[in-house]
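Spelled out, the chains give:
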Amino acid sequence: MDDVDTTVFYDDENDFIGLGYHHGQEYDYEYEDAEGETLSELYQYCLAPTLYDTGFYMLPLFLAMFIFRFISQMQSISDRLFHGFSLVIGICIIQHYAQECLFLLVLFVILSYITLHIPKKYYKDIGVFLPSLFIIAHCEFYMKPIIWHKVRSIIMTMAMKTISVAADSIESNNIPDFYSYMGYMFCAATSFFGPWVPLKDYLALRRPSQQGKWWLLIVIGYTFGSFFFLSMSNCWIQWILPDNSWKWLIAYRDALAFRTSHYFISYMASAILFLGGYPFSLISIVKPLEIELPRSLVQVVVYWNIPMHFWLKKYIFRPSLKYLGKFGAVTITYLTSSLLHGLNFQLGAVLLSLGLYTYVEHQLRIMLANIFDACIGSKECTQNKCTHLHNSYNCWVIVTNIMFTVLTIFHLAYLGLMFDTSELQETGYSYIHTIEKWSQLGFASHWVALATYCIYFLIR
């Protein structure tokens, strides 16, 4: 992930989506009647049950990670045996948390490995995506919506793994053996919460650990951070901003609750990943501060889900760029991200809107930065390499960048509004729900984006 700061124009809006918030009844509390409640009642009826039930729910996963970590560091066992243990532990985790998709995943992984042996002339380009698209289409049309919504992130992570292995195998002519492939696909540290990690990093788990003696404190820190964001999402935000607030504050509240639920999943995934033995350089999944106080939408895209950002850039954006140009590559990348999340109108509408927003904003700010020779691009120049006459410490440059920050927060409130806590969250949101939510705000964000494009078109 040495180039995660490269400017691109796509996102995995999953957080909640990409890393999947698994809505188990055991820990999905929503504090609906928070207005006027005391702190004591907030603790009794929301904070305590939310944190207790979530901790109890996660306990088997943490125990499995300790076992997996111990086995991965045992140099006395063979690599093949390690892969076998990784497979068994991963299957046990899926069986415990999402048994509805276990058989389908096993079948998918076996078939995807068989396709790796198809001659390259028949299996390249779009061919590497076909097994994943088939399983996603099958789940979309034949699986019950409430189950598909629950297991979507697990299947998406598996699909990303199969595509990355297939693409790398075509490029290097090196197909992994069956044991390492199965161990990687069902790796206990990534099979449930994700995120996607490359095969080479999974294989590197057999090397002596480089985590240092403070690894357990880092795991605890990420776990506490995860629980903090969970309490924000389920309890504090609703308590601070009640339902009788201004409609734009309610939109910001619902979008913020959605984002903090994504931070909860991401931090929990980081804790699991580090506990499983992965190096510290791989566990940075999300950067909340860069999202809540963003310089631009491009920055939000980059830091929303760093592993998926890297995956999309490597396997979708860059290969498409040389054939379709920048705008075509952006479109294909967002379409791919949308397809990976399922054939869902709401997700597609959000992702494609975000793609258009980021592209227009990026092009406009590049043009303005060149016209005024100022550091007002969507990505801040490094201090030692900034060649602009007016750098980021200039007063009017600061004001301009703050204005774009406010505009980005406005767009995020609008785009995240429909990810609310209605009953539809367990089955997925329909196009009617999406249109109704946006219409309540007069489609303001889309009109602003159109105005931004008009400004760019007139002065380019």
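The structure under discussion appears in the preceding block.
Residues numbered from 1 in each chain as written. Predicted model: local features only at pLDDT ≥ 70, side-chain atom pairs only at ≥ 80, totals over all residues. Heavy atoms only, no water.

**Observations concerning the overall build of the protein chain**
- Each helix and strand counted, the protein chain has 17 helices and zero strands in total.
- A burial count over the protein chain gives 57% of its 460 residues as buried.
- Within the protein chain, contacts between residues separated by at least 24 positions form 76% of all contacts whose residues are at least 6 apart in sequence. (Helix = DSSP H or I, 4+ residues; strand = E, 2+ residues; numbered from the N terminus. Buried < 20%, exposed > 50% of the residue type's maximum accessible area, 1.4 Å probe, protein only. Contact = heavy atoms within 4.5 Å.)

**Side note on the packing of helix α12 (residues 297-304) against helix α14 (residues 345-372)**
- Closest axis-to-axis distance for the α12/α14 pair is 8 Å, and the angle between their directions is 130°. Our classification of the angle between α12 and α14 gives oblique. Counted together, Leu297, Val298 and Val301 of α12 and Leu354, Tyr357, Thr358, Glu361 and His362 of α14 form the full contact between these two elements.
- Class assignment for the residues of the contact of α12 with α14 results in five nonpolar, two polar and one charged. (Axes fitted to C-alpha atoms, helices over the stretch in contact; angles between N-to-C directions. Parallel < 35°, antiparallel > 145°, perpendicular 65-115°, else oblique. Nonpolar A, V, L, I, M, F, W, Y, C, P; charged D, E, K, R; others polar.)

**Points about helix α5 (residues 130-142)**
- Taking 1.5 Å as the rise per residue, α5 with 13 residues should run 18 Å; its terminal C-alpha atoms sit 18 Å apart, in good agreement.
- Those residues of α5 that sit buried are Pro131, Ser132, Ile135, Ile136 and Cys139. Buried residues in α5, looked at end-on, bunch into an arc of 130°, giving them a common side. Projecting away from the buried face of α5 at angles above 90 degrees are the exposed residues Phe134, Phe141 and Tyr142.
- The elements touched by buried residues of α5 are α4 (102-115), α6 (145-172) and α13 (306-340). (Expected span 1.5 Å × (residues − 1). Arc of directions from axis to C-beta.)

**What about helix α17 (residues 444-459)?**
- Over its 16 residues, α17 runs 23 Å from end to end, which matches the ideal 22 Å to within 8%, given 1.5 Å per residue.
- Restricting attention to buried positions, one finds in α17 the residues Ser445, Ala449, Thr452 and Tyr456. The arc enclosing the buried residues of α17, seen along the axis, measures out at 55°, which places them on a common side. The exposed set on the far side of α17, more than 90 degrees from its buried face, consists of Trp447 and Leu458.

**Focus: the environment of methionine 185**
- Tracing the chain through its elements places methionine 185 in helix α7 (residues 178-185).
- Given a relative accessible area of 0%, methionine 185 falls into the buried group.
- The sequence separation of methionine 185 and lysine 161 amounts to 24 residues, and the corresponding C-alpha distance is 6.8 Å.

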